[in-house]
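As a plain string of letters, each chain reads:
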Amino acid sequence: MKFMKKAVSLLLALALVIVGNGFVSKVKAESGMENWKANAVITPAEGRLVGAGYIKVEFDNSVSGYTYKVLLDNKPVYWNGDDIVRTDIGETVTEGSKEKTFTSSDEGVTEVYTTTISKHTITVVATNGSETITSQPREFYVSKKGMALGGDMSKKIALSDLNCSWYYNWATEAFNNNLDKNVEHIPMMWGAGDDSKEGVENLDTTADYILGFNEPDIDSQANMFFSEAIEVWNEYIAPLSLRKVAPAPAAPGGDSGWLKDFMNGNEICKNPFHPEQWDYFSKFSDNEFAQQTRQSVKGVMNDDSIDNDVDAVVLHFYMPFMNFEMLDNAVNTLWNLYHKPVWITEIGVFGVKGAQNDYSYELPEQRQAMADYVTRIVERLDSYPFVERYCMFAYDVDSANEIDNFNGSGATAMFEYASGRYTDLGKLYSRIGNPEGYEGTNIQNYPGFEWEDRVRSQFDYDPATDSVKVTWHEGPLDIASHKVVIEKKVIDPSTQEETTVEEEYDVENGGSIDVSNLEAGKYMCKVLLYDSEGTEVFNKQKSFVKSKEITTTAQVTTKAPETTVGPVATTVAPTNPAVETKAPVKLAKAKIKSAKNVKKKSVKLSWKAVTGAKSYQLQYALNKKFTKKAKSKTVKKTSFKVTKLSKKKYFFRVRAICDSVKGAWSGVKTVKVKK
């Protein structure tokens, strides 16, 4: 009996241990899944404002034995092959549509799609047999609103102040500073140049999209024939694992012929008069050479259209007046032509002071009209399910810039470029176009822009004194240093390329520059202001025409002829006056001692002094022939720091100058700008 009792006790104990271990394992599993439920969604971040369209979702699928699905707003996301069924824009779930499922061996990354401006949720459902566990919902917000912002437009604002969900800067690289902190940058391949190609080859982005070429249909921008654009697209953009946004034509009607050719292809041939170029076959159809080189361009391999490789199409809309109906029609035209989501990446109004379309900031009625116009645009574009993204282009408060000649567009300003002070329009843009419930940045009580206290400069050329008076007003800026430069575009005889020669002058606010030593012609005078960290915060320029020629007087010495007889003449008329002349100056070849990349994307150079030199011309470019984006600066010292460079390889050379005499160029120094 004792033996039996012991045996039974032992069996009971073993059973308890087994059950206990199972209980412990179950508790551990449940505890682990509870932790998973709270942290299953990794991105989007809680409360984050993200751009409409395709949205990347990262989630935790690390627990083995489970199958995972991602839900948007508690609804399954259906796919047809590799494409989401975008019910927002009218697509329907067909019989072949499926939900994506994932296991622990898959990458925990997928996409959802929405263009609805509101709060949304992401949940993950994990299934193991009959067990189903749903994660806690991750709440985020969707907006279409963005900003087109170049690096020279402002260094003082924050895109998050405007509650933008995205921005672009016509480049592949983001600013990566306080300007764009927590706001998504969409890279752009601007054109077909080497710098654009290099940017895509070295692309480093967390974005879901890439933008195509910038206004390839006009000479002043990317300037690409559609067949060249297709070729570059296929080589550089098509292989990227990003959603692709078509090139953005300058034509504002939504029915761009260039875009039609790009999307659908056309017949082309070699231009009979310029065989290195391709052109439309219809232009030269009766030419034998054109017939021999005739080709049908459809875009991608296997005779497929480029249309299939484009996820969204783009509109630029600039007009010399505010025309809401025309913008609305253009957006609908673009949608009806391609039935692809629409991005409007530049919306602007340009004006001319004193003309009928004067939209200067100092005109309060135009500022109010602009506010009404922008409000209508945002409300309408937010309401269209087929519009994924839009952004405004804001001119500066005085609309003075190097891009164009429109000086009456200040009413479009959302901030003063120099100070970063937000205008009433900027504050309006900050509070409209936001999803309900989103607690973004409130800038309504920020110090606003005041016209009379704007940062500005003035240049007055006085032909009587042959001088330029320079004044500036710093407004709310705290200026630590300044620079005044006069520049002129000249043709370099050694390269026959146009270069810019700059001369820096030591002049204080309100002082004058003596320009009597300059030849007659058109010059550009500019003031650059810097903060305590040496960051350029203001750069404005104005041209002036010097009509007065340099006046020089030959130094003539005379002496009376020697006489041995007769009285000394009191006045002698010189018969052969002797004119003093000097032999031409000979300048040795300059030699660069050092060229180094220093902080803030700058290169510091120094060179040996050349006997007889009065100044030195420094030239730099992006190629060894100094034909690509070449710039020149004339300085009197034997060292100079070139600033505001890009992260590219630059070529430098220098030569000595004495009046009209120029020495030989130095050897070329190459510097890779990395910091």
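Computed from a prediction, not measured in an experiment: that's the story for all the values here.

Definitions and limits used
- Residues numbered from 1 in each chain as written.
- Predicted model: local features only at pLDDT ≥ 70, side-chain atom pairs only at ≥ 80, totals over all residues.
- Heavy atoms only, no water.
- Pairing = 2+ DSSP bridges.
- Helix = DSSP H or I, 4+ residues; strand = E, 2+ residues; numbered from the N terminus.
- 1 Å grid on protein atoms, 1.4 Å probe; cavity = no way out; pocket = protein on both sides within 12 Å on 5 of 7 lines; lining within 4 Å.
- Points joined across faces, edges and corners; volume = space filled by probe spheres on them.
- Salt bridge = Lys/Arg side-chain N within 4 Å of Asp/Glu carboxyl O.
- Buried < 20%, exposed > 50% of the residue type's maximum accessible area, 1.4 Å probe, protein only.
- pLDDT = per-residue confidence, 0-100.
- Contact = heavy atoms within 4.5 Å.
- Axes fitted to C-alpha atoms, helices over the stretch in contact; angles between N-to-C directions.
- Patch = residues over 30% accessible without salt bridge, like charges linked within 9 Å, V, L, I, M, F, W, Y side chains within 5 Å.
- Areas by Shrake-Rupley, 256 points an atom, 1.4 Å probe, with all protein chains shown as cover.
- Lys, Arg positive; Asp, Glu negative; His and termini not counted.
- Charge placed at Lys NZ, Arg CZ, Asp CG, Glu CD.
- Phe/Tyr/Trp six-rings, centres within 6.5 Å; stacked < 30°, edge-to-face > 60°.
- Lys NZ or Arg CZ within 6 Å of the ring centre and 35° of its normal.
- Nonpolar A, V, L, I, M, F, W, Y, C, P; charged D, E, K, R; others polar.

Caption draft 1: Highlighting the pairing of strand S4 (residues 67-72). With six bridges joining them, S4 and strand S10 (residues 119-128) adopt antiparallel strand pairing. If you follow Lys69 over to S10, its bridge partner there is Val125. For S4 and strand S5 (residues 75-76), the ladder comprises two bridges, and the chain directions are antiparallel. Across the sheet, the residue bridging to Leu72 is Lys75, located in S5. Hairpin connection, S4 to S5: the antiparallel pair is bridged by two residues, and Asp73 has positive phi, about 55°.

Caption draft 2: Layout of empty space enclosed by the protein. For the coordinates displayed, the defined rule picks out four cavities of 30 Å³ or more. Put simply, the largest cavity is a space of about 70 Å³. Around the largest cavity, the lining residues are Lys69, Val70, Val77, Trp79, Glu99, Lys100, Phe102, Thr110, Glu111 and Val112. Elements supplying a minimum of two residues to the lining of the largest cavity: S4 and strand S9 (109-114). No other element matches the three residues that S9 contributes to the lining of the largest cavity. Counted as a void, the second largest cavity has a volume near 60 Å³.

Caption draft 3: Structural view of the pattern of salt bridges. Enumeration according to the criterion identifies 23 salt bridges in this entry. Across the pair Glu184 and Arg389 runs a salt bridge whose closest N-O atoms are separated by 3.9 Å. Of this pair, Glu184 sits in strand S15 (residues 184-185) while Arg389 sits in strand S25 (residues 387-392); the two residues are 205 residues apart in sequence, bridging distant segments of the chain. As far as burial versus exposure is concerned, Glu184 and Arg389 are alike and both buried. Through salt bridges with shared partners, one network takes in Glu487, Glu502, Lys526 and Lys633.

Caption draft 4: Highlighting the confidence of the model for the protein. Here the protein shows a mean pLDDT of 87. Residues at 70 or above account for 87%. In the predicted structure, residues 22-28 sits below a pLDDT of 50 and forms zero contacts with residues beyond four places in sequence or in another chain. For residues 552-581, every residue scores under 50 in pLDDT, and the model assigns this stretch ten contacts once sequence neighbours within four places are set aside.

Caption draft 5: Layout of the sheet that holds strand S30 (residues 512-514). In space, the three strands of this open sheet follow the order S26-S27-S30, with antiparallel pairing throughout. Each edge of the open sheet is held by one strand with a lone partner, namely strand S26 (456-462) and S30. Adjacent strand axes in the sheet meet at a mean angle of 20° when their direction is disregarded. Bridge analysis of S26 against strand S27 (residues 467-473) gives seven bridges, and the strand direction is antiparallel. The residue bridging Ser457 from the neighbouring strand is Trp472, located in S27.

Caption draft 6: Expanded view of a negative patch on the surface. A surface patch of negative charge is lined by Glu201, Glu228, Glu231 and Glu235. Mapping Glu231 onto the fold places it in helix H3 (residues 226-237).

Caption draft 7: Seen up close, the packing of aromatic side chains. Within this structure, the stated rule accounts for 34 aromatic pairs. Centre to centre, the rings of Phe415 and Tyr417 are 5.8 Å apart; their planes meet at 35°, and the pair counts as tilted. Members of the aromatic cluster, each reached through a chain of ring pairs, are Tyr54, Tyr113, Trp166, Tyr168, Trp170, Tyr209, Tyr318, Trp343, Phe393 and Tyr395. The cationic tip of Lys145 hangs over the ring face of Tyr429; the distance from NZ or CZ to the ring centre is 5.1 Å. The ring of Phe324 is capped by Arg376, whose NZ or CZ atom sits 4.0 Å from the centre of that ring.

Caption draft 8: A positive patch on the surface, seen in detail. A cluster of like positive charges, contributed by Lys599, Lys600, Lys604, Lys641 and Lys675, occupies part of the molecular surface. Looking at the secondary structure, you find Lys641 in strand S39 (residues 639-642). On the basis of relative accessibility, which here comes to 45%, the residue Lys641 falls in the partly exposed class.

Caption draft 9: Region of interest: the sheet that holds strand S18 (residues 266-271). Taken in spatial order, the three strands of this open sheet run S19-S18-S20, and their pairing is antiparallel. Only two strands of the sheet have a single neighbouring strand rather than two, namely strand S19 (274-280) and strand S20 (295-297). Each strand of the sheet is rotated relative to its neighbour by a mean of 35°, with strand direction disregarded. Sheet topology note: the S18/S19 ladder contains four bridges and is antiparallel. Residue pairing across strands places Ile268 opposite Tyr280, the latter belonging to S19.

Caption draft 10: Region of the structure containing the layout of surface pockets. Approximately 1,000 Å³ is the volume found for the second largest pocket. As for the second largest pocket, its lining consists of 29 residues, of which Val501, Asn517, Leu518, Thr634 and Asp659 are closest to the centre. Within the residue set of the lining of the second largest pocket, elements represented by two or more residues are strand S28 (481-492), strand S29 (497-505), strand S37 (615-621) and strand S40 (649-658). With six residues, S28 is the largest single contributor of residues to the lining of the second largest pocket. For the lining of the second largest pocket, a count of residues per class yields ten nonpolar, six polar and 13 charged.

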